[in-house]
Structures are given as C-alpha cells and as structure tokens.
Amino acid sequence: MSPASTSARTSGGAVAGRRRILVRCPNHLGDVVMATPGLHALRRAHPDAEIVAQLPAPLVPLLEGAGLVDALWPLATPTSGGLGTNAIAALVRDARRIAAARFELGIAIPESISSALRMRLGRVGRIVGFARDPLRRALLDEVVPADPAWGRRRLVSRERFVLRLMEAVGVPVEAGPPRLRLATTAAEAERLDRALRPR
C-alpha cells in the first residue's frame, strides 16, 4: 500500500451502526511508533468501533499491517510550502473529509492548534487533548490535565503521554511497561524476500 493510501482495511468511509473515532497521530516517525501502545489500548477497548488514524502521508506505512486501526488517512498536503492559501486549502480538505465521516470522538495527540482545528471544522462530536495555550483550549471539548510532574515542556515518554489521553476517554491501560506495536505487511515481506534472494 502506498504512503498516499487512504485505508488499512476499509475505504475510510463511514460505516453505518459503528462508533467512529478519529485519532490525529503525531507528526514525527519516533512519536508515531511510541503512540502504538495507546492505539492498541484504544482498539482493545473498542473492538467494534471504526477507528481512523490521521497522520502525515510519509508515515502511513508505519501503521499498515499493525491491525491497530480500520483506516489510515494521510493529511492533505499544501501544493507549496508556507502557511498561506495552500496550507489553508489543505486544512479545509481534511476538515471536509472528517465532516463527511461524522466522527463521535476525536483524540488530538499533537498539541498544535491545527490538529484541533481540523476536528472542530470537521464537526467531530467530542474533541479531547492536552492544551497549553488559550486558542487550543477553546478548540477542545475536553482539556486533559497533564501531570504537573511533566512540567510545561511535557518531559515524559511519548508512550505515557498518549496513554494518558487514552485513559481520559475511558480506555483501560495495562500495567507495566508499554509495548510498541508494529508489523510488516505481506507485500513488505515479499519485497524484502526479493531483495535478499541470491541473484
């Protein structure tokens, strides 16, 4: 499946009768990997829900084949760099797609304004996340209190950071060290086999 693919197992469209949960994943490779224990806990708590993970397109392959979510949505990308009209247009494209899916719950892992704004413009029913500034706080329906021991810079492992968000939406978290959850797809295994085959 290419990085631009929209789904891990489904087309990512709304499925009648299922609770729909949107998770805005982190923007960096290591942080996405460390978010997998939280995604696993969410999947375990809501086996029948339709869970969609939204993340930068180059990071989509990290979660393919892991079975943590039903669909992987790459963020719309601006046609050019910067924060101008193209960036706003990309944000609006994402918001329209979110609105069409009618998500009941949105978990905004990044503490950016844009991650919460996409969900607010996409009319997500309940938007949950941490907040450090007033605008981000206003965009959330529920601000999760951070452990004071983390400090303003959130000096805590990313696994614990994400698991705290999951706990805030009622997801039970297993005791003990978090386990990272990654997998390879059959296509990836086949490509590796071809690459290692003697010529």
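Residues numbered from 1 in each chain as written. Predicted model: local features only at pLDDT ≥ 70, side-chain atom pairs only at ≥ 80, totals over all residues. Heavy atoms only, no water.

> Pulling in residues and values, what's your account of the packing of helix H2 (residues 36–45) against helix H7 (residues 158–168)?
Where H2 meets H7, the axes come as close as 7 Å, and the angle between the chain directions of the two elements is 25 degrees. One finds that H2 runs roughly parallel with respect to H7. As H2 packs across H7, the resulting crossing turns out to be right-handed. On H7, the residues that touch Pro37, Gly38, Leu39, Ala41 and Leu42 of H2 are Glu159, Val162, Leu163 and Met166. Here the contact of H2 with H7 is built from residues that sort into seven nonpolar, one polar and one charged. (Axes fitted to C-alpha atoms, helices over the stretch in contact; angles between N-to-C directions. Helix = DSSP H or I, 4+ residues; strand = E, 2+ residues; numbered from the N terminus. Parallel < 35°, antiparallel > 145°, perpendicular 65-115°, else oblique. Left-handed = near helix turned anticlockwise from the far one by under 90°. Contact = heavy atoms within 4.5 Å. Nonpolar A, V, L, I, M, F, W, Y, C, P; charged D, E, K, R; others polar.)

> Would you mind going over the packing of aromatic side chains in detail, with residue names and values included?
Two aromatic rings are characterised by how far apart their centres lie and by the angle between their planes. Under the definition given, this model contains four aromatic pairs. Ring plane angle 70 degrees and centroid distance 5.6 Å describe the contact between Trp73 and Phe103, whose orientation is recorded as edge-to-face. Taken together, the residues span a long stretch of sequence, with Trp73 in strand E3 (residues 71–74) and Phe103 in the loop between helix H4 (85–101) and strand E4 (105–108) at a distance of 30 residues. For the pair formed by Trp73 and Phe103, the shared burial category is buried. In this structure, Arg97 is placed above the aromatic ring of Trp73, and the distance from its NZ or CZ to the ring centre is 4.0 Å. Cation over ring: Arg158 sits above Phe161, and NZ or CZ is 4.1 Å from the ring centre. (Phe/Tyr/Trp six-rings, centres within 6.5 Å; stacked < 30°, edge-to-face > 60°. Buried < 20%, exposed > 50% of the residue type's maximum accessible area, 1.4 Å probe, protein only. Lys NZ or Arg CZ within 6 Å of the ring centre and 35° of its normal.)

> Outline the sheet that holds strand E6 (residues 142–143), listing residues and values.
Pairing in this open sheet of six strands is parallel, and the strands run E3-E2-E1-E4-E5-E6 from one edge to the other. Each having just a single partner strand, E3 and E6 make up the two edges of the open sheet. Summarising the sheet, strand E2 (residues 50–55) and E3 pair through four bridges and their orientation is parallel. Bridge pairing in E3 places Leu55 opposite Pro74. Packed on one face of the sheet, H7 meets E4, strand E5 (126–129) and E6 and runs near 155 degrees to E4. (Pairing = 2+ DSSP bridges.)

> Explain unusual backbone geometry residue by residue, including any values.
Look at Arg123: it is not a glycine, yet its phi comes out positive at around 55 degrees. Mapped onto the elements of the fold, Arg123 is located in the loop between helix H5 (113–121) and E5. Accessibility expressed as a relative area gives 63% for Arg123, which makes it exposed. Here the phi dihedral of Arg154 falls at roughly 55 degrees; this positive angle occurs in a residue that is not glycine. Its relative accessible area of 10% is what places Arg154 among the buried residues.

> Lay out the nonpolar core with the relevant residues and their values.
Within the largest apolar cluster, 33 residues are counted, with the highest numbers of intra-cluster contacts made by Ile21, Val23, Leu42, Leu55, Leu63, Ile107 and Ile109. Among the elements of the structure, strand E1 (20–24), H2, E2, helix H3 (60–63), E4 and H7 are those that each provide at least two residues to this core. The element contributing the most residues to this core is H7, with six residues. In terms of nonpolar packing, the next biggest core, distinct from the first, is built from 15 residues, Val52, Ile98, Ala101 and Ala131 among them. (Core = buried A, V, L, I, M, F, W, Y, C linked by side-chain atoms within 4.5 Å.)

> Account for the pattern of salt bridges, naming residues and giving values.
If the charged atoms of two oppositely charged side chains come close together, the side chains can form a pair. Under the criterion given, the structure shown has 10 salt bridges. Residue Arg18 pairs with Asp70 through a salt bridge whose shortest N-O separation is 3.4 Å. In this pair, Arg18 sits in the segment before E1 while Asp70 sits in the loop between H3 and E3, placing the two residues 52 residues apart along the sequence. Judged by relative accessible area, which is 23%, Arg18 ranks as partly exposed. Here Arg132 makes a salt bridge to Glu111, at a shortest N to O gap of 3.3 Å. With Arg132 in the loop between E5 and helix H6 (134–139) and Glu111 in the loop between E4 and H5, this residue pair connects regions lying 21 residues apart in the sequence. Connected through salt bridges with shared partners, the residues Arg18, Arg43 and Asp70 form a single ionic network. (Salt bridge = Lys/Arg side-chain N within 4 Å of Asp/Glu carboxyl O.)

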